[in-house]
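Structural features, examined
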Amino acid sequence: MKIVAISGSPSRQSKTARLIDHAAARLAAQDIETQRFSVYDFAAEELLYGNFAADSVKAFQQAIVRADGVLIATPVYKAAYAGALKVLLDLIPEGGLAGKPVLPLVSGGSPGHLLAVEYTLKPVLASLKASEIHQGVFAVEQQIAVSPQGQASLADELRQRLDEAVDDLAALLRPAARLAAPHRGHDFISRTISL
Ligand SMILES: Cc1cc2nc3c(=O)[nH]c(=O)nc-3n(C[C@H](O)[C@H](O)[C@H](O)COP(=O)(O)O)c2cc1C
């Protein structure tokens, strides 16, 4: 089983990427591999000009095709998802998330923009035909502490929500396991936007 994680922050010290770190470790414990991408995997021109012929872009697209599910991590920037994430999403061909469950991971400076993912990111994921879109995990940046040595620690409440969401994603990849999993009340939701 393989997951592609798209890290949408342009920051080298991205706090949101710490959510991917934690998710990837938990998925690895369940024999699910995570392949990560961020804007740093591409030349700036390839992103800005949407160069579909670039080898890096083709590799990204192939990884998406082979993925069983997708993690999408983004900070809230200006009440929306990060522009760096949009240039990555724009590299995914039409319907490129068809058949793939998606778990959004979002961090923001305050809970004020908790719903940003609902009105900005989810319509894009739906347009890419993601099969199921989790309600997502929103972290306030203070819940993600990074030591001077670069070690991250997540607040207990956040870690619990993230673990549950990641387990929901993992269970979706194994339909038989999903049937046996207890319902947690914030399970994956079916795509509600029909295009
Ligand atoms: C350019 C910019 C715009 C931001 N806009 C918002 C915003 O509108 N709402 C909010 O809650 N946080 C906002 N923030 C705070 C970030 O969402 C927050 O610091 C986040 O954890 C950063 O994640 P990152 O380290 O992965 O980039 C903004 C930060 C930056 C740099």
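The structure this text deals with has already been given above.
Here's what I pulled together on the structure shown here. Just so it is clear, the structure is predicted and the values come from calculations on it, not from any experiment. (Residues numbered from 1 in each chain as written. Predicted model: local features only at pLDDT ≥ 70, side-chain atom pairs only at ≥ 80, totals over all residues. Heavy atoms only, no water.)

**Observations concerning empty space enclosed by the protein**
Using the following cut-off: Here a cavity denotes grid points, spaced 1 Å and computed from the protein atoms alone, that fit a 1.4 Å probe unable to get out, and a pocket denotes an open set having protein on both sides within 12 Å along at least 5 of 7 lines; residues with an atom within 4 Å of a point are the lining. Grid points are joined across faces, edges and corners, and a volume is the space filled by probe spheres set on the points. Each helix corresponds to a stretch of at least 4 residues labelled H or I by DSSP, and each strand to a stretch of at least 2 residues labelled E; elements are numbered beginning at the N terminus. Lys, Arg, Asp and Glu make up the charged group, whereas Ala, Val, Leu, Ile, Met, Phe, Trp, Tyr, Cys and Pro make up the nonpolar group; the residues left over, Gly among them, are polar.
On inspection of all chains with the given rule, the structure shows 1 cavity of 30 Å³ or more. Computed from the structure, the largest cavity encloses a volume of approximately 30 Å³. In terms of lining, the largest cavity is formed by Thr74, Val76, Ala80, Tyr81, Val106, Ala116, Val117, Thr120 and Leu121. Listing elements by their share of the lining of the largest cavity, those giving two or more residues are strand 3 (69-77), strand 4 (80-81) and helix 5 (116-127). Sorting elements by how many residues they give to the lining of the largest cavity places helix 5 first, with 4 residues. Here the residues of the lining of the largest cavity sort into 7 nonpolar, 2 polar and no charged.

**A closer look at the pairing of strand 7 (residues 137-140)**
Put simply, the rule is: Think of it in three bands: with a 1.4 Å probe and only protein chains considered, a residue is buried below 20% of the maximum accessible area for its type, exposed above 50%, and partly exposed in between. The pairing criterion is simple: DSSP has to find at least two bridges between the two strands.
Here strand 7 shows two buried faces, one formed by Val137 and Ala139 and the other by Phe138 and Val140. The pairing of strand 5 (residues 101-108) with strand 7 spans 4 bridges and is classified as parallel. Bridge pairing links Ser107 to Ala139 in strand 7.

**Points about the pairing of strand 2 (residues 33-38)**
As a reminder of what qualifies: A clockwise path from the first strand over the helix to the second, with the strands pointing away from the viewer, defines a right-handed crossover.
Sheet topology places strand 1 (residues 2-7) next to strand 2; 6 bridges connect them, and they run parallel. Bridged to Lys2 within strand 2 is Glu33. For the crossover that starts at strand 1, traverses helix 1 (residues 16-28) and ends in the parallel strand 2, the hand is right-handed.

**Description of the site of the ligand**
The following threshold applies: Nearness here has a simple test: a residue counts as near a molecule or strand if at least one of its heavy atoms is within 4 Å of that partner. Identification of polar contacts relies on pairs of N or O atoms within 3.5 Å, with a donor-acceptor requirement for protein atoms, meaning one able to donate a hydrogen and the other able to accept it, and with residues adjacent in sequence counted only if both atoms are side-chain atoms. Per-residue and other accessible areas follow the Shrake-Rupley method at a 1.4 Å probe size, with only the shown protein chains counted as cover for residues.
Taken together, 16 residues surround the ligand, and among them Ser9, Ser14, Thr16, Val76 and Ser107 come closest. Within the backbone of Val76, one N or O atom sits 2.6 Å away from an oxygen atom of the ligand. When the ligand is considered free in solution it has 650 Å² of accessible area, and contact with the protein chains removes 73% of it. Every element with two or more residues in the shell around the ligand is listed here: strand 3 and strand 5. Looking at side-chain class alone, the shell around the ligand contains 4 nonpolar, 9 polar and 3 charged residues.

**Here's the deal with the nonpolar core**
Selection criterion: Here the nonpolar core consists of buried residues drawn from Ala, Val, Leu, Ile, Met, Phe, Trp, Tyr and Cys, with membership extended through side-chain atoms lying within 4.5 Å.
One finds Ile6, Ile72 and Leu97 to be the most contacted residues of the largest nonpolar core, which totals 36 residues. When residues of this core are traced back to their parent elements, those giving at least two are strand 1, helix 3 (55-66), strand 3, helix 4 (83-89), strand 5, helix 5 and strand 7. Counting residues per element, this core draws most heavily on helix 5, at 6 residues. Residues Ile3, Leu154, Leu158 and Leu162 belong to the second largest nonpolar core, which totals 22 residues.

**Concerning the environment of Ala82**
By secondary structure assignment, the location of Ala82 is in the loop between strand 4 and helix 4. Placed 39 residues apart in sequence, Ala82 and Leu121 show a C-alpha to C-alpha distance of 9.7 Å.

**Structural notes on the side chain of Gln143**
Inclusion rule: Any two residues whose heavy atoms approach within 4.5 Å at even a single point are treated as in contact.
Along the chain, Gln143 falls in the loop between strand 7 and strand 8 (144-146). Residue Gln143 is classed as buried on the basis of its relative accessible area of 17%. A distance of 2.8 Å separates polar atoms of two side chains, one belonging to Gln143 and the other to Glu157. When sequence neighbours within four positions are dropped, the list of residues in contact with Gln143 reads Phe138, Ser153, Leu154, Ala155, Glu157, Leu158 and Arg161.

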